[in-house]
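Spelled out, the chains give:
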Amino acid sequence: MNTKKYYTATCTIIKDEQQYLDEWIRHNLDLGFDEIWLYEDYGSVSHKEITDRYPQVVLQSISEIEDVIGSFKAWQKQLQTWKYFTSNDDLRSKFDYVAFIDIDEFIMFDEGYDLQTLLNEFDGHPAIFLY
């Protein structure tokens, strides 16, 4: 059985999520994600006090994406975040898989099953969709 270690990240856009963010970060780190990339939406209160507790978390502003790929409409934020990750050579080469998960979404596995097990089961597949 292949037991490759995939380097993974999860990414989301946040706006005023202080009440839920710590739980969401801890859950995704416990699942086995190596890094978490958070983009603060326009006008959001800073989440830096929470994210500074976790060296695996990268916190940026959504405007930093626009600086790279150009402006976009509000409804395109998630799509443009995905585009930013997939078009950025440094990020694309760094991660084997990146999950785009909303702050109110939690991946849940049965006991004894984890992210690396899932990825090893689908070794060689370019994408995995979870519902």
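Look up a bit, the structure's there.
Scope of this entry: the structure provided in the associated data block. Note that the coordinates shown come from a computational prediction; the quantities given were computed from them, not determined experimentally.

**Here we look at the environment of Glu-40**
Logical step 1: The topology assignment puts Glu-40 in strand β2 (residues 35-40).
Logical step 2: Accessibility expressed as a relative area gives 13% for Glu-40, which makes it buried.
Logical step 3: Residues Glu-40 and Glu-64, 24 residues apart in the sequence, show an inter-C-alpha distance of 9.7 Å.
Logical step 4: Excluding anything up to four places from it in sequence, Glu-40 contacts Ile-14, Val-45, Ser-46, His-47, Lys-48, Leu-59, Gln-60, Ser-61 and Ile-62.
Logical step 5: At 2.6 Å, the side chain of Glu-40 forms a polar contact with the backbone nitrogen of His-47.

**Looking at the environment of Asp-22**
Logical step 1: Topologically, Asp-22 is positioned in helix α1 (residues 18-31).
Logical step 2: The sequence separation of Asp-22 and Ile-50 amounts to 28 residues, and the corresponding C-alpha distance is 6.6 Å.
Logical step 3: Discounting chain neighbours no more than four positions away, the residues touching Asp-22 are Ile-50, Arg-53 and Tyr-54.
Logical step 4: Polar contacts involving the side chain of Asp-22 include one to the side chain of Arg-53, which spans 3.4 Å.
Logical step 5: At a separation of 2.4 Å, a polar atom in the side chain of Asp-22 contacts the side chain of Tyr-54.

**Regarding the pattern of salt bridges**
Logical step 1: Summed over the entire model, instances satisfying the criterion amount to five salt bridges.
Logical step 2: For Arg-53, the salt bridge is made with Asp-22, and the minimal N-O distance between the two is 3.4 Å. One end of the pair, Arg-53, is in the loop between α2 (48-51) and β3 (57-61); the other, Asp-22, is in helix α1, with 31 residues separating them in the sequence.
Logical step 3: The partner of Asp-52 in a salt bridge is Lys-48, with the nearest N and O atoms 3.1 Å apart.
Logical step 4: Note on Asp-52: relative accessible area 54%, which makes it exposed.
Logical step 5: Judged by its relative accessible area of 46%, Lys-48 falls in the partly exposed class.
Logical step 6: Put simply, Asp-22, Arg-26 and Arg-53 are held in one network by salt bridges that share partners.

**Topic: the nonpolar core**
Logical step 1: Judged by nonpolar contacts, the single largest core of 20 residues is most densely connected at Leu-21, Trp-24, Ile-25, Phe-33, Ile-36 and Leu-38.
Logical step 2: Mapped onto this core, the elements with two or more residues apiece are α1, β2, β4 (97-100) and α6 (115-121).
Logical step 3: Looking at this core element by element, the count peaks at five residues for α1.
Logical step 4: Setting aside residues up to four positions removed in sequence, Leu-38 forms contacts with Thr-12, Ile-14, Leu-21, Trp-24, Ile-25, Thr-51, Val-57, Val-58, Leu-59 and Gln-60.

**What to know about the layout of surface pockets**
Logical step 1: The computed volume of the largest pocket comes to approximately 860 Å³.
Logical step 2: Lining the largest pocket we find 28 residues, and of these Val-98, Ala-99, Phe-100, Ala-127 and Ile-128 sit closest to its centre.
Logical step 3: Only α4 (77-87), α5 (89-94), β4 and α6 provide two or more residues apiece to the lining of the largest pocket.
Logical step 4: Per-element tally for the lining of the largest pocket: the top contributor is β4, with four residues.

Cut-off values and rules
- Residues numbered from 1 in each chain as written.
- Predicted model: local features only at pLDDT ≥ 70, side-chain atom pairs only at ≥ 80, totals over all residues.
- Heavy atoms only, no water.
- Helix = DSSP H or I, 4+ residues; strand = E, 2+ residues; numbered from the N terminus.
- Buried < 20%, exposed > 50% of the residue type's maximum accessible area, 1.4 Å probe, protein only.
- Contact = heavy atoms within 4.5 Å.
- Polar contact = N/O pair within 3.5 Å; in protein donor to acceptor, adjacent residues only side chain to side chain.
- Salt bridge = Lys/Arg side-chain N within 4 Å of Asp/Glu carboxyl O.
- Core = buried A, V, L, I, M, F, W, Y, C linked by side-chain atoms within 4.5 Å.
- 1 Å grid on protein atoms, 1.4 Å probe; cavity = no way out; pocket = protein on both sides within 12 Å on 5 of 7 lines; lining within 4 Å.
- Points joined across faces, edges and corners; volume = space filled by probe spheres on them.

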